[in-house]
Amino acid sequence: FFRRPLIALGPAGLSARLPTATPLPRTFAALWPILLGLLLGAITHLIWDRLTTIEWRIELTRPLLSPLFVFFGHPLTGYQLLRHGSAVIGLGLLAFWLLRWWRQTPPSMRSATDLPLSQRARGLIIVAGLLAVLAFALLAADSPWFDFDGRNRLGRSVRAALPALSSVLLIYAAAWHRWQRRID
């Protein structure tokens, strides 16, 4: 439901490199690497969360809780440096993988009906969607009708943006499929 609309929304160079259909793994031999990757990802995520979150006070991490230095008036602790540093390293690895994938994956030839959105239409849809998500996130962060946990407005806004983004993607995908049926 989401694959073709999101491919149509992406930049032409990226969209041409993505497959329009990928068969689901049907055997255990094809499925086990995916399951193992999910399991290892969940386990390492929980371990890293436990080591780098202040709410989990275990003896091993006590030195990470004290401030190491002050940066622009804000004390930085060891667990914050580990958390943000690992995020930067992870983003760097993802960028490296994406660049390598981009260079190794040749663009495919697609018909004009596969990617019917012009560059202007893509830009308008993306801007409208982001504005809708931003508006909902900012309004919902301080609304008495929604309960988004967070220590500050930014934290509540980010938590409110996730369901808003899901809703915008769902509405876009439904509209794209309806539009495709009219074209076909």
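Just so you know, these numbers come straight off a predicted model, no measurement behind them.

Colleague: Would you take a moment to explain the overall build of the chain for this structure?
Modeller: Summing up its helical and strand segments, the chain has 6 helices and 2 strands in all. Secondary structure elements of the chain, listed N to C terminal, follow the sequence α-α-α-β-β-α-α-α. Here the chain holds 184 residues, and 20% of them are scored as buried. Intrachain contacts of the chain at a sequence separation of at least 6 include 57% that bridge at least 24 residues.

Colleague: In this structure, what is going on with the packing of aromatic side chains? I would like to understand it.
Modeller: Each aromatic ring pair is characterised by the separation of its centres together with the angle its planes make. Summed over the entire model, instances satisfying the criterion amount to 2 aromatic pairs. Centroid distance Trp97 to Trp101: 6.4 Å. Interplanar angle 15°. Geometry classified as stacked. One end of the pair is Trp97 and the other is Trp101, both in helix 4 (residues 78-104) and 4 residues apart, which spans about a single turn. In this structure Trp97 comes out as partly exposed when scored by relative accessible area, which is 46%.

Colleague: What's the story with the nonpolar core in this structure? I'm lost.
Modeller: Side chains of nonpolar character tend, in soluble globular proteins, to be buried together. One finds Val133, Ala137, Ala140, Ala160, Ala161 and Ala164 forming the largest nonpolar core, which totals 6 residues. Secondary structure elements with two or more residues in this core: helix 5 (119-141) and helix 6 (153-183). Look past the residues within four positions of Ala164 in its chain and what remains in contact with it is Val133 and Phe136. Formed by 5 residues, the second largest nonpolar core is a distinct cluster that contains Ala8, Leu117, Tyr172 and Trp176.

Colleague: I would appreciate a short explanation of a nonpolar patch on the surface in the present structure.
Modeller: Taken together, the side chains of Phe28, Leu31, Trp32, Ile34, Leu35, Leu36, Leu38, Leu39, Leu40, Ile43 and Ile47 define a hydrophobic patch exposed on the protein surface, amounting to about 1,100 Å² of accessible area. In this structure, Trp32 sits in helix 3 (residues 28-52).

Colleague: Looking at this structure, how should I read the pairing of strand 1 (residues 67-71)?
Modeller: The element strand 1 is barely covered by neighbouring structure, given that only 0 of its 5 residues are classed as buried. Alignment of strand 1 against strand 2 (residues 74-77), held across 4 bridges, turns out to be antiparallel. When the sheet's bridge partners are listed, Pro67 is paired in strand 2 with Thr77. Between strand 1 and strand 2, which pair antiparallel one after the other, the connecting turn spans 2 residues, and Phe72 there sits at a positive phi close to 50°.

Colleague: Looking at this structure, how should I read the layout of surface pockets?
Modeller: Any space left empty among the atoms is revealed by the rolling of a water-sized probe across them. In this structure, the second largest pocket encloses a volume near 220 Å³. For the second largest pocket, the full set of lining residues is Leu9, Ile125, Ile126, Ala128, Gly129, Leu130, Ala132, Val133, Leu165, Val168, Leu169 and Tyr172. Contributions of two or more residues to the lining of the second largest pocket are made by helix 5 and helix 6. No other element matches the 7 residues that helix 5 contributes to the lining of the second largest pocket.

Colleague: Just checking my understanding: could you explain the side chain of Arg17 for this structure?
Modeller: Structurally, Arg17 can be placed in the loop between helix 2 (12-15) and helix 3. One polar contact links the side chain of Arg17 to the main-chain carbonyl oxygen of Trp102, over a distance of 3.2 Å. Sequence-distant contacts of Arg17, defined by excluding residues within four places in its chain, comprise Trp101, Trp102, Thr105, Pro106 and Pro107.

Colleague: Which parts of the structure should I look at to understand the side chain of Arg122?
Modeller: As for its placement among the helices and strands, Arg122 is situated in helix 5. The contacts of Arg122, once residues within four sequence positions are left out, are Ala8, Leu9, Gly10, Pro11, Ala12 and Leu117.

Criteria and thresholds
- Residues numbered from 1 in each chain as written.
- Predicted model: local features only at pLDDT ≥ 70, side-chain atom pairs only at ≥ 80, totals over all residues.
- Heavy atoms only, no water.
- Helix = DSSP H or I, 4+ residues; strand = E, 2+ residues; numbered from the N terminus.
- Buried < 20%, exposed > 50% of the residue type's maximum accessible area, 1.4 Å probe, protein only.
- Contact = heavy atoms within 4.5 Å.
- Phe/Tyr/Trp six-rings, centres within 6.5 Å; stacked < 30°, edge-to-face > 60°.
- Core = buried A, V, L, I, M, F, W, Y, C linked by side-chain atoms within 4.5 Å.
- Patch = residues over 30% accessible without salt bridge, like charges linked within 9 Å, V, L, I, M, F, W, Y side chains within 5 Å.
- Areas by Shrake-Rupley, 256 points an atom, 1.4 Å probe, with all protein chains shown as cover.
- Salt bridge = Lys/Arg side-chain N within 4 Å of Asp/Glu carboxyl O.
- Pairing = 2+ DSSP bridges.
- 1 Å grid on protein atoms, 1.4 Å probe; cavity = no way out; pocket = protein on both sides within 12 Å on 5 of 7 lines; lining within 4 Å.
- Points joined across faces, edges and corners; volume = space filled by probe spheres on them.
- Polar contact = N/O pair within 3.5 Å; in protein donor to acceptor, adjacent residues only side chain to side chain.

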